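Spelled out from the first residue to the last, the chains are:
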Amino acid sequence: MALTATVGVAAAAPAPGKTAAAPVSHGKVTDNLYMSLGAFEDATSGEDPKVKAMIDRTDIGGVQVVVPWKALEKQKGEYTWSRLDNALKYLQDRHKKLFVQVQDRFFDVAMKDANLPQYVKDAGGIAPTIDENPDNPTTHGAMAAQWNKEVRADFQAMLKAMAKKFDGKLAGVNLPETAVEVDTKNDRTKYTSKSYIDAEIDNMRYGRKVFTKTQFIQYINFLPDDDDHQRMKEMFDLARDKNIGIGGPDTLPDRKYQMENSYKFLHAYKDTLPLVAMAVQEPDINAKDPQTGKPYTRTRFTDFAHDYLGARHMFWTTEADWLHKPAA
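All residue numbers here refer to positions counted from 1 along the written sequence of the relevant chain. A pLDDT threshold of at least 70 governs which residues receive local features in this predicted model, and a stricter bar of 80 or more applies before side-chain atom pairs are shown or counted, although totals over entire chains, interfaces and linings include all residues. Excluded from the side-chain calculation are hydrogens and water; included are all heavy atoms of the structure.

### Description of the environment of L116
This is how the line gets drawn: Labels follow the DSSP assignment, with helices taken as runs of H or I lasting at least four residues and strands as runs of E lasting at least two, numbered in each case from the N terminus. Between buried and exposed lies partly exposed: a residue is buried under 20% and exposed over 50% of the maximum accessible area for its type, with that area taken using a 1.4 Å probe on protein chains only. Residue contacts follow a heavy-atom distance rule, with two residues in contact if any of their heavy atoms lie within 4.5 Å.
Residue placement: L116 occurs in the loop between β6 (105-106) and α5 (118-122). The class of L116 is buried, set by a relative accessible area of 0%. Along the chain, L116 and Q103 lie 13 residues apart, while their C-alpha atoms are 8.8 Å from each other. Not counting residues up to four positions away in its chain, the partners in contact with L116 are W69, K70, D104, F106, K121, I126, M143 and A144.

### A closer look at the pairing of strand β2 (residues 62-68)
We apply this condition: Strands are treated as partners if at least two bridges between them are detected by DSSP.
Burial runs high along β2: seven of the seven residues are buried. Side chains G62, Q64, V66 and P68 project from β2 onto one buried face, and the interleaved V63, V65 and V67 project onto a second face that is buried too. Pairing analysis gives five bridges linking strand β1 (residues 30-36) to β2, with the strands arranged parallel. For Y34, the partnering residue across the bridge sits in β2 and is Q64. As judged from the seven bridges shared by β2 and strand β5 (residues 97-103), these two strands associate in the parallel manner. For G62, the partnering residue across the bridge sits in β5 and is K97.

### A short note on the packing of helix α7 (residues 193-210) against helix α8 (residues 230-242)
Cut-off, in case you're wondering: Helix axes are fitted to C-alpha atoms over the stretch in contact, other axes to C-alpha atoms as well, and angles between N-to-C directions run from 0 to 180 degrees. Angle categories: roughly parallel below 35 degrees, roughly antiparallel above 145, roughly perpendicular from 65 to 115, and oblique for all the rest.
Packing of α7 against α8 brings their axes to within 11 Å, and their N-to-C directions diverge by 5°. Looking at the two axes, α7 sits roughly parallel to α8. Counted together, K194, I197, D198, E200, I201, M204, R205 and R208 of α7 and R231, E234, M235, L238, A239 and K242 of α8 form the full contact between these two elements.

### Overview of the pattern of salt bridges
Convention followed: We count a salt bridge whenever a side-chain nitrogen from Lys or Arg sits within 4 Å of a carboxyl oxygen from Asp or Glu.
Under the counting rule described, the total for this entry stands at 20 salt bridges. Between R105 and E200 there is a salt bridge, with the nearest N and O atoms lying 3.1 Å from each other. On the criterion of sequence distance, the pair formed by R105 in strand β6 and E200 in helix α7 is long-range, its members being 95 residues apart. Side by side, R105 and E200 carry an identical accessibility label, which is buried. In this structure, R300 engages D254 in a salt bridge whose closest nitrogen and oxygen atoms are separated by 2.7 Å. Note that R300 is positioned in helix α12 (residues 298-308) and D254 in the loop between β11 (245-248) and α9 (256-259), a separation of 46 residues in sequence. Judged by relative accessible area, which is 29%, D254 ranks as partly exposed. Linked by salt bridges that have partners in common, K194, D198, R231 and E234 make up one network.

### A look at the environment of G61
Tracing the sequence through the fold places G61 in the loop between α2 (49-55) and β2. Note on G61: relative accessible area 22%, which makes it partly exposed. Note: C-alpha distance between G61 and Q118 (57 residues apart in sequence) is 35 Å. Setting aside residues no more than four positions away along its own chain, G61 makes contact with T30, D31, N32, K96 and K97.

### Details of the sheet that holds strand β8 (residues 139-144)
Taken in spatial order, the three strands line up as β6-β8-β7 in an open sheet, and their pairing is antiparallel. The sheet terminates laterally at β6 and β7 (126-131), the two strands that pair on one side only. Looking at chain direction, β7 and β8 are connected through six bridges and run antiparallel. Directly across from P128, in β8, lies its bridge partner A142.

### Notes on the side chain of H313
Test applied: We call two N or O atoms a polar contact when they sit within 3.5 Å, provided that within protein one can donate a hydrogen and the other can accept it, with sequence-adjacent residues counted only if both atoms are side-chain atoms.
In this structure, H313 sits in strand β13 (residues 313-317). A distance of 3.2 Å separates a polar atom in the side chain of H313 from a polar atom in the side chain of N32. Excluding residues that lie within four positions of it along the chain, H313 makes contacts with V29, T30, N32, F99, L275, V276, A277 and M278.

### Focus: the packing of aromatic side chains
Using the following cut-off: Aromatic pairs are defined between Phe, Tyr and Trp rings, using the six-membered ring for Trp, whenever the two ring centres lie within 6.5 Å; interplanar angles under 30 degrees are classed as stacked, those over 60 as edge-to-face, and all others as tilted.
Throughout the structure, instances matching the rule amount to 17 aromatic pairs. Measuring from centroid to centroid gives 5.6 Å for Y263 and F304, while their planes differ by 55°, and the two rings are tilted. Placement of the pair is Y263 in helix α10 (residues 262-269) and F304 in helix α12, with a sequence separation of 41 residues. For the pair F301 and W316, a centre-to-centre distance of 5.8 Å together with 85° between the ring planes defines the contact as edge-to-face. Note that F301 is positioned in helix α12 and W316 in strand β13, a separation of 15 residues in sequence. Taking relative accessible area as the criterion, W316 reaches 1% and is therefore assigned buried. One aromatic cluster is present, formed by Y296, F301, W316 and W322 through successive ring pairs.

What follows is the structure in structure tokens.
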């Protein structure tokens, strides 16, 4: 997943404005594991006993599984829920919660290998992306062209069917990070940054509409061509007014790019959002803390996520060192 994107001019911290509900009470952060659906299945089948043991830890509240669109819909309008059913039952039997990240964008992968339904690809509903992350080598990926009305209609139909099956059973459903950069030199989908952001907002609205019992969450980190951050503010205002949770794919305390983008909004809006959920992915645990010049500690991650961003759930990579030690 991308860690950074085009960074706009820093703007003053946004005023949350009027709230749609009473201020949120920030309790203790609940730690959950973060992994792909395939990795979860490897663990629960016993092929990865170390991760299976992590799921059973007393200090782990649940699992966030990343599920590609293709895993839920191989043929147009024909949905397959068995893998989610199995994951949900496994966790419910252990009194754990299941969060699902529905993935429509893929980093460091050839377009032909992107896990989108084949009918979406065949109809030209896939766009090439490029990640020019300053921390990592340039990579190429692909995403569903959500700005195409037909693609978005198909995606929303899948969300509606998923909500009919799982609303109230899952702890949360989230859409992935907003930091994508379409490779416009090779794009054939008529992408524009405005149409992309408009589509993200439309999917936010629709997800919240169909998931009325399960908490719906949108990950936000960066937006293309949003130098004045007005579109990001629009998304946070929508989240506040419609009770949509907000999260992010990376917890990187005091990192300049993040602090100038979604982190300042999370900080300003944290008392008016129904839920803030942050991930700590593998690149994050190797990143250097600007305060110390050394890798971040678990306490630093958690304190920043809770105190500054208002997080109540954290999703940890299974590579985090504390998960390889006995529970306290």
